[in-house]
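One-letter residues, chain by chain:
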Amino acid sequence: MPRSARTPSPSSGPAASSGPSGRDMAAAGDRELARTTWQESTATATAAARELADRHRPALAAYAARCTATSAAAELLCTAAQNAAVPSYDSVGETAWRPHLLRTVVRTAADWAAGGMRRHLAPELVSWLTESGAAVEAPGEENAEGPLLVRSFQQLHERQQIVLWHMYVEQEDLARVGLYAGVGQAVARRWSETAADELRTVYARLYEESAAPECRPFSRLVVTRARTERVRTAGPEGSDELGGHLGGCGNCSWAFDDLSRLNGEDWPPLLAEALLPWNGGRYWADRTSDRTPEQPPPARSAARPPVLSGLLLPALRTRSVKALVAVVAAGAVLGLVLGAVQADPVSPSSGANGSSDVDAWGRDTRPANGEEPAPPSAPAGPSTPPPDHKASDTSEVVKDRKVRKDATDPQGHRPPPDRSTPPGSTGEELTPARLRWDFRNAGTHPVDTSSSARTGTYHGQVDWRDDRDGSVWFDGGSFVKTSQAVLDTSRSFTVSAWVRPTSADGFLTVAGQDGNNISGFLLQYTPDDDRWRLAMSHQDSAEADEDEVLSAGRPATGAWQHLTGVFDAENRRIRLYVDGRLQGTAPRTSSWKAGGSFTVGRGLWQGEGADEYQGHIDDVRVFQRAVSASQAAALADAGPNS
């Protein structure tokens with residue numbers, strides 16, 4: 001029902017219910033625990049705070065670790081977010097506690113970034129906050145102009161939100177769902193039977209109600225076709241009227257894709273991505289990668305102190321603005337003290353984004369559960385370069401580096417927050433590739449093992465090796481290209497490949513698609529930064545600006561690595577993955593379309609072939625869609641020719 005028609009939340013004044021007793025604390029729901037933490041006497045509030053913190057600590061700690069640069073900063077962020085979440089939770093009405101808590105983490109991090117604690121945050125989070133202008137809505141705030149999926153979730157009853165988040169996003173069992181809601185397993189099961197359907201219904205209603213006048217003739221058809229087709233079969237060049245409308249209307253296209261996924265089976269990560277302002281898809285993957293629905297969350301440790309300390313509880317219960325300011329100030333002072341002890345980003349105590357937890361290829365080696373990492377293992381190969389700690393440094397102003405030029409220019413715009421990590425699900429089936437060259441067989445043409453049978457032609461001297469059950473060798477002057485375009489580079493696409501470079505003397509292009517003068521996109525190595533790079537030019541000119549994203553670590557010369565470049569047209573972002581791990585994102589500010597040959601082993605620059613690749617390449621795949629985070633990981637995890 002609409003938010004305005006909801007039953008108001010229980011009174012937060014002194015006359016409110018006295019809350020559960022100590023022995024009933026473990027059976028109380030999250031809202032009752034949060035209310036008791038806020039209202040009751042010190043002993044009761046401390047017990048409620050401890051129970052609430054213990055229930056949600058693994059998830060909170062994992063997300064905070066992604067947001068911070070050291071383990072000490074992660075602990076401080078956990079405490080600050082939990083303290084901020086309790087009073088705001090009591091005022092926002094019906095909402096599930098955990099997504100509210102996690103959103104508070106990002107909001108708190110935004111406050112840090114605006115103050116003197118920016119250096120304690122993960123560089124990629126600082127970069128995202130800089131790009132978005134730290135535009136993070138307060139948890140629970142309903143924005144009439146916000147994403148439809150978020151608004152749909154907010155309009156559901158709290159019990160439905162708990163079911164959707166914990167059963168589907170977190171993949172926890174019904175017993176845990178009932179615990180968070182304060183009900184038995186049988187009741188939680190009844191709620192679970194209708195929650196997903198209600199989310200779809202509310203989304204469709206909000207979409208139709210908010211449709212612009214020119215969209216209203218299509219809104220009902222969008223809802224119906226998304227329910228029956230699951231995937232869009234009519235794009236910008238679609239043969240029917242709806243296809244043409246979707247090709248030109250970003251709002252309806254977005255709604256169609258959301259509704260298609262909501263009517264399928266891969267919607268839980270989509271919900272995580274929508275509700276968490278930053279890295280929601282990665283959070284979902286972290287939380288579900290090692291858990292089955294029947295497997296309960298890790299047991300809490302009695303030896304670990306609660307995230308909400310008794311020292312801070314009295315200040316919270318006073319409802320005094322001055323007291324809350326004092327809490328924040330105390331946290332800032334503590335953060336500066338911690339920073340003085342662990343300010344060195346390359347110290348052994350560094351967290352998920354310090355170099356000790358990122359290997360030479362930019363891969364995070366720390367488990368999401370906060371345990372101490374095992375020693376990192378490097379991929380096989382004759383050369384194992386040391387980590388480059390400069391990769392973790394993020395400047396105060398986001399820079400736009402232009403390839404082949406020394407100068408860097410500050411960006412003059414700040415795009416709105418994006419879905420920085422695309423949704424997906426473990427084992428999620430990929431849309432069939434538009435092209436796949438596995439290079440198993442010698443000949444004048446690579447064999448396309450996709451259903452499209454797209455032919456390419458080798459140029460120059462190439463050779464075939466036994467690596468990865470068959471791969472092709474390029475000598476620095478050879479390449480392969482198609483006779484016509486494979487991709488529409490103005491729409492979402494993905495290109496992935498296994499690479500083993502044997503040189504780092506110049507630009508090395510793994511894949512691209514020609515325009516008339518330059519490539520529309522370049523998946524390549526750049527010696528200017530000593531990084532892997534995905535770049536897309538604004539125009540068909542060597543003088544035009546480029547949107548680019550770089551890998552976090554240096555390439556491993558002589559060792560196999562997997563690269564995935566993604567253009568997400570709906571979110572106007574490009575993303576780069578190395579070995580299945582997201583390296584970074586950047587805004588895409590142009591819609592230029594390159595219509596020439598798809599190439600492997602070289603790019604196009606000033607109308608001529610350039611940046612020839614030297615080394616092995618294997619299993620090149622092309623998709624006319626933006627793959628999800630878990631799909632990028634699955635591509636990297638797949639065995640040779642599988």
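Just so you know, the residues in each chain are numbered from 1, in the order the chain's sequence is written. In view of the model being predicted, local features appear only for residues whose pLDDT reaches at least 70, and side-chain atom pairs are presented and counted only at 80 or more, with totals across whole chains, interfaces and linings using the full set of residues. Based on all heavy atoms of the structure, the side-chain values leave hydrogens and waters out of the count.

Caption draft 1: Structural view of the pattern of salt bridges. Any carboxyl oxygen of Asp or Glu that lies within 4 Å of a side-chain nitrogen of Lys or Arg is treated as forming a salt bridge with it. Under the criterion given, the structure shown has 25 salt bridges. For the salt bridge of D547 with R588, the shortest nitrogen-to-oxygen distance reads 3.2 Å. Here the residue D547 occupies a position in strand 12 (residues 546-550), and R588 occupies one in the loop between strand 15 (581-587) and strand 16 (598-600), the gap between them amounting to 41 residues. R588 carries the same exposure label as D547, and that label is buried. Here R575 makes a salt bridge to D568, at a shortest N to O gap of 3.4 Å. Each member of the pair, R575 together with D568, is buried. Three or more residues joined by partner-sharing salt bridges are found here, namely R98, E170, E172 and R287. Think of it this way: any DSSP run of H or I at least four residues long counts as a helix, any run of E at least two long counts as a strand, and we number them from the N terminus. Only protein chains enter the accessibility calculation, which uses a 1.4 Å probe. A residue is then buried if its area is under 20% of the maximum for its type, exposed if over 50%, and partly exposed in between.

Caption draft 2: Spatial organisation of the packing of aromatic side chains. We call Phe, Tyr and Trp rings a pair once their centres come within 6.5 Å, taking the six-membered ring for Trp, and we label the pair stacked below 30 degrees between planes, edge-to-face above 60, and tilted otherwise. Counted under the stated rule, the structure contains ten aromatic pairs. On the numbers, 4.9 Å between centres and 45° between planes, the contact of Y168 with W267 is tilted. With Y168 in helix 7 (residues 158-169) and W267 in the loop between helix 13 (250-262) and helix 14 (268-275), the pair connects residues that are 99 residues apart, well separated along the chain. In this structure Y168 comes out as partly exposed when scored by relative accessible area, which is 23%. Using a relative accessible area of 4% as the deciding quantity, one classes W267 as buried.

Caption draft 3: Structural context of the environment of A211. Checked against the element boundaries, A211 lands in the loop between helix 10 (195-210) and helix 11 (216-229). A relative accessible area of 7% places A211 in the buried class. Through-space distance from the C-alpha of A211 to that of C252 is 8.1 Å; in sequence the pair is 41 residues apart. Contact definition: two residues touch when any of their heavy atoms are within 4.5 Å. Those residues in contact with A211, other than ones at most four positions away along the chain, are R216 and S219.

Caption draft 4: Just the sheet that holds strand 7 (residues 479-482), in detail. Two strands are counted as paired when DSSP detects at least two bridges linking them. Reading across the sheet, the seven strands line up as 4-7-16-9-10-11-12 and stay open at both edges, with antiparallel pairing between neighbours. Unpaired on one side and paired on the other, strand 4 (456-459) and strand 12 mark the two borders of the sheet. With strand direction ignored, the average angle separating the axes of adjacent strands in the sheet is 15°. Inspection of the sheet shows strand 4 paired to strand 7 by four bridges, in the antiparallel sense. Bridge pairing links Y458 to V480 in strand 7. Angular values range over 0 to 180 degrees, each being the angle between N-to-C directions of two axes fitted as lines to C-alpha atoms, with helices fitted over their stretch in contact.

Caption draft 5: Inspection of the pairing of strand 9 (residues 508-514) at higher detail. Within strand 9, seven of the seven residues are buried, leaving the element largely enclosed by the surrounding structure. Of the pairings in the sheet, the one linking strand 9 to strand 10 (residues 519-526) comprises five bridges and is antiparallel in character. Directly across from G512, in strand 10, lies its bridge partner L522. Hairpin connection, strand 9 to strand 10: the antiparallel pair is bridged by four residues. In this structure, strand 9 lies alongside strand 16, joined through three bridges in antiparallel fashion. Counterpart to A511 in the pairing with strand 16 is V600.

Caption draft 6: Main features of the environment of A69. Along the polypeptide, A69 turns up in the loop between helix 2 (42-67) and helix 3 (71-89). Linking A69 and L125, residues 56 residues apart in sequence, is a C-alpha distance of 9.9 Å.

Caption draft 7: Structural view of helix 15 (residues 280-288). Extensive coverage of helix 15 is indicated by the burial of nine of its nine residues. For helix 15, every residue scored as buried is listed here: G280, G281, R282, Y283, W284, A285, D286, R287 and T288. Buried-residue contacts for helix 15 involve helix 2, helix 4 (97-114), helix 7, helix 14, strand 15 and helix 18 (629-637).

Caption draft 8: Local environment of the side chain of R575. Mapped onto the elements of the fold, R575 is located in strand 14 (residues 573-578). According to the relative accessible area criterion, R575 is buried, its value standing at 0%. Any N or O atom pair separated by 3.5 Å or less is treated as a polar contact, with the protein-specific requirement of one donor-capable and one acceptor-capable atom, and with residues adjacent in sequence counted only for side-chain atom pairs. Side-chain polar atoms of R575 contact the side chain of D568, separated by 3.4 Å.

Caption draft 9: Broad picture of the nonpolar core. The criterion is simple. A nonpolar core is a set of buried Ala, Val, Leu, Ile, Met, Phe, Trp, Tyr and Cys residues joined through side-chain atoms within 4.5 Å. In terms of nonpolar packing, the biggest core is built from 85 residues, with Y63, L125 and L164 touching the most fellow members. Ranked by the residues each element gives to this core, the list is headed by helix 4, at nine residues. Those residues in contact with L164 that lie beyond four places of it in its chain are F153, L156, V169, A195, A196, L199, W267 and L271. L508, V510, A569 and I574 belong to the second-largest nonpolar core, a separate cluster that totals 37 residues.

Caption draft 10: Region of interest: the packing of helix 7 against helix 14. Packing of helix 7 against helix 14 brings their axes to within 9 Å, and their N-to-C directions diverge by 120°. What the angle tells us is that helix 7 and helix 14 run oblique. At the point where helix 7 passes helix 14, the crossing takes the left-handed sense. Between helix 7, through L164, W165, Y168 and V169, and helix 14, the contact on the second element is made entirely by P268, L271, A272 and L275. All residues other than Ala, Val, Leu, Ile, Met, Phe, Trp, Tyr, Cys, Pro, Asp, Glu, Lys and Arg, Gly among them, are scored as polar; the first ten of these are nonpolar and the last four charged. Taken together, the residues that form the contact of helix 7 with helix 14 break down as eight nonpolar, no polar and no charged. Relative orientations are named as follows: roughly parallel for angles under 35 degrees, roughly antiparallel for angles over 145 degrees, roughly perpendicular for angles from 65 to 115 degrees, and oblique for any other angle. Definitions for this section: a left-handed crossing has its near helix turned counterclockwise from the far helix by less than a right angle. A right-handed crossing has that turn clockwise.

Caption draft 11: Quick peek at the pairing of strand 13 (residues 561-568). Counted residue by residue, strand 13 has eight buried out of eight residues, so it is predominantly covered. Of the two faces of strand 13, both are covered, the one formed by Q561, L563, G565 and F567 as well as the one formed by H562, T564, V566 and D568. Count of turn residues in the strand 13/strand 14 antiparallel hairpin: four residues, of which R572 carries a positive phi of about 55°.

Caption draft 12: Spatial organisation of the environment of T224. Examined against the element boundaries, T224 turns out to sit in helix 11. Taking the relative accessible area as the measure of exposure, T224 reaches 33% and is therefore partly exposed. Note: C-alpha distance between T224 and F256 (32 residues apart in sequence) is 9.6 Å.

Caption draft 13: Layout of the side chain of R55. Within the element layout of this structure, R55 appears in helix 2. In this structure R55 comes out as buried when scored by relative accessible area, which is 4%. Beyond its immediate sequence surroundings of up to four residues, R55 is in contact with M25, A26, A27, A28, G29, D30, L33, R98, R176, L179 and Y180.

Caption draft 14: How the structure looks around helix 10. Multiplying one less than the number of residues by 1.5 Å gives the expected span of a helix. In this model helix 10 runs 23 Å from its N-terminal to its C-terminal C-alpha over 16 residues, within 8% of the 22 Å that 1.5 Å per residue would give. Taken together, the buried positions of helix 10 are occupied by A195, A196, L199, R200, V202, Y203, A204, L206 and Y207.

Caption draft 15: Structural view of the confidence of the model for the chain. Counting all residues, the mean pLDDT for the chain is 74, and 69% of those residues have values of 70 or more. Each residue carries a pLDDT value, the predictor's own confidence for that position, ranging from 0 to 100. The element-level mean pLDDT for the chain is lowest in strand 1 (residues 399-401), coming to 30, with strand 16 highest at 97. Confidence drops under a pLDDT of 50 for residues 1-18, and excluding neighbours within four residues, the segment shows 29 contacts in the predicted structure.

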